[in-house]
Amino acid sequence: TAELQVCSDAILRVVRRPSAALLEKTSLVVSAEWAQTDYQVEKNSTGVVVSTRKVIAMYDAGTGRISFLDRASKRVRLQELGHSFTSSKDLGRDTYQIEQSWATSDDEGIYGGGGYQNGVVNLKHAPLEMVQFNSEAVVPYFWSTVGYGLLWDNYAWTFLNPPDAALVPPSSPRSGKLPFTPTVDGDHFFFVGKPFPISGSRPGFGQPNGSWVKVNLTDAAGQVLVVQDWDALENMPNSLVGVAPGLKKGETYSVDYSWKSEDVGLYVHGPDYAKTTLRSFLGDAIDYYFALAGSPDDAVQK
């Protein structure tokens, strides 16, 4: 079941539930009392169109996906790709692991999400574990250079672009070398941490204080690229992300890695990830806000 709430001319809320049961929720993030806004609803052969003075939201009944357009230019600003609910329990209560994905464009940059030690600014395609931690603050609000803001209204353990396929599985030795051959040109993110917890398990902290993590790439010419180099940090983040810029399709790189923890792995995301995904460990519904926003300042002021 999908519900679209018109909050203002430029802000729309999407709530998805796995059943028709109503969501009873008092947000800890959104406290605005929305003024009444004029909007139009049109049903057609493919679905439903909701229009405000600034935004058009198109619901495709065949796919269940929603697209958001700038009414002035008719340009698609954000388009859903898919969502999922995986049954889980929270202190004996039935609930879900939830996930929502959106399409990304080639020239898009995505910023925000809070403050992290990894030094990554543009989060497009970047795997990021969003957990409140000493020296790391989670703010699940993002701004895209395409012209929108996105607020993920969920307080559980969350991953942005969760890594699923491990280059080095968590059960592997804590140091070693292996080849890596990109299938596309461009920047690649290397994530060291635990995978997203499967339903029924609990998330866990991955890096003890005083840990080290080192990931280097060596190309065919012998040039070494330092991707991650964390040494005995007392405030070690739960997981770590580093970027290897400008890798070449079809060229084989030697990956040299080492870390202290016994149960973490190494994961890679490249430009072929081609989407933005948010996945939360617990949630009764998918709940997010779209805001038409032409600049970072505009996004924050919404």
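Up top is the structure.
Source: prediction; values computed, not measured. (Residues numbered from 1 in each chain as written. Predicted model: local features only at pLDDT ≥ 70, side-chain atom pairs only at ≥ 80, totals over all residues. Heavy atoms only, no water.)

**Q** Got a minute to help me understand the overall build of the protein in this structure?
**A** Check the secondary structure of the protein and you find one helix and 23 strands. Here the C-alpha radius of gyration of the protein, 21 Å, is about what a compact globule of 302 residues would show, namely 19 Å. Principal-axis analysis of the C-alpha atoms places the extent of the protein at approximately 60 × 45 × 35 Å. Counting over 302 residues, the protein shows a buried share of 47%. Summarising the internal contacts of the protein: among those between residues at least 6 apart in sequence, 68% fall at separations of at least 24. (Helix = DSSP H or I, 4+ residues; strand = E, 2+ residues; numbered from the N terminus. Rg over C-alpha atoms; globule rule 2.2 N^0.38 Å. Buried < 20%, exposed > 50% of the residue type's maximum accessible area, 1.4 Å probe, protein only. Contact = heavy atoms within 4.5 Å.)

**Q** How do you make sense of the sheet that holds strand β14 (residues 166-168) when you look at a structure like this?
**A** The strands that make up a sheet pair up through hydrogen bonds in the backbone, lying either parallel or antiparallel. Strand order in the open sheet made by the four strands is β14-β21-β16-β19, with antiparallel pairing throughout. Of all strands in the sheet, those bounded by a partner on one side alone are β14 and β19 (240-247). In this sheet, adjacent strand axes meet at a mean angle of 30 degrees when their direction is disregarded. With six bridges joining them, strand β16 (residues 186-193) and β19 adopt antiparallel strand pairing. Within the sheet, the bridge partner assigned to H188 lies in β19 and is A244. (Pairing = 2+ DSSP bridges. Axes fitted to C-alpha atoms, helices over the stretch in contact; angles between N-to-C directions.)

**Q** Is there a simple way to explain the packing of aromatic side chains in this structure?
**A** The relative placement of two aromatic rings is captured by the distance of their centres and the angle of their planes. Inspection of the entire model under this criterion finds eleven aromatic pairs. Summarising the aromatic geometry, the rings of F68 and Y288 are spaced 6.5 Å apart at their centres and angled 75 degrees between planes, so their arrangement reads as edge-to-face. Taken together, the positions of F68 in strand β6 (residues 66-70) and Y288 in strand β23 (residues 286-292) put the pair 220 residues apart, joining distant regions of the chain. A relative accessible area of 0% places Y288 in the buried class. Between F180 and F190, the aromatic rings sit 5.8 Å apart at their centres with planes inclined by 80 degrees, giving edge-to-face as the arrangement. Pair noted here: F180 is in strand β15 (residues 175-180) and F190 is in strand β16, with a separation of ten residues, a long-range link. Taken together, the ring pairs connect F68, W102, Y148, W152, Y288 and F290 into an aromatic cluster. One residue, K275, lies across the ring of Y273, its end atom 5.3 Å from the ring centre. (Phe/Tyr/Trp six-rings, centres within 6.5 Å; stacked < 30°, edge-to-face > 60°. Lys NZ or Arg CZ within 6 Å of the ring centre and 35° of its normal.)

**Q** For this particular structure, what's the right way to read the side chain of E108?
**A** Here E108 shows up in the loop between β8 (93-103) and β9 (110-115). For the buried E108, which has no salt bridge, the nearest side chain bearing the opposite charge is K124, at an N-O separation of 5.6 Å. Only 3.0 Å separates the side chain of E108 from the backbone nitrogen of S105, close enough to count as a polar contact. Here S144 takes part through its side chain, which lies 2.5 Å from a polar atom of the side chain of E108. If we skip the residues at most four places from it in the chain, E108 touches A103, N122, K124, S144, T145, V146 and Y148. (Lys, Arg positive; Asp, Glu negative; His and termini not counted. Salt bridge = Lys/Arg side-chain N within 4 Å of Asp/Glu carboxyl O. Polar contact = N/O pair within 3.5 Å; in protein donor to acceptor, adjacent residues only side chain to side chain.)

**Q** Looking at this structure, how should I read the sheet that holds β6?
**A** If you trace the nine strands from one edge of the open sheet to the other, you get β3-β4-β5-β6-β7-β8-β22-β13-β10, paired in antiparallel fashion. Unpaired on one side and paired on the other, β3 (40-43) and β10 (128-130) mark the two borders of the sheet. The mean angle between the axes of side-by-side strands here comes to 20 degrees, regardless of whether they run parallel or antiparallel. The pairing of strand β5 (residues 55-60) with β6 spans five bridges and is antiparallel. If you follow I56 over to β6, its bridge partner there is L69.

**Q** So what exactly am I meant to see when it comes to the environment of Y267 here?
**A** Within the secondary structure layout, Y267 lies in strand β21 (residues 265-269). Along the primary structure Y267 and F191 are separated by 76 residues, whereas in three dimensions their C-alpha atoms are 5.0 Å apart. Apart from residues no more than four positions distant in its own chain, Y267 is found in contact with P163, D164, A165, A166, L167, P170, F189, F190, F191, G193 and P195.

Function-wise, these values are silent; they only describe arrangement.
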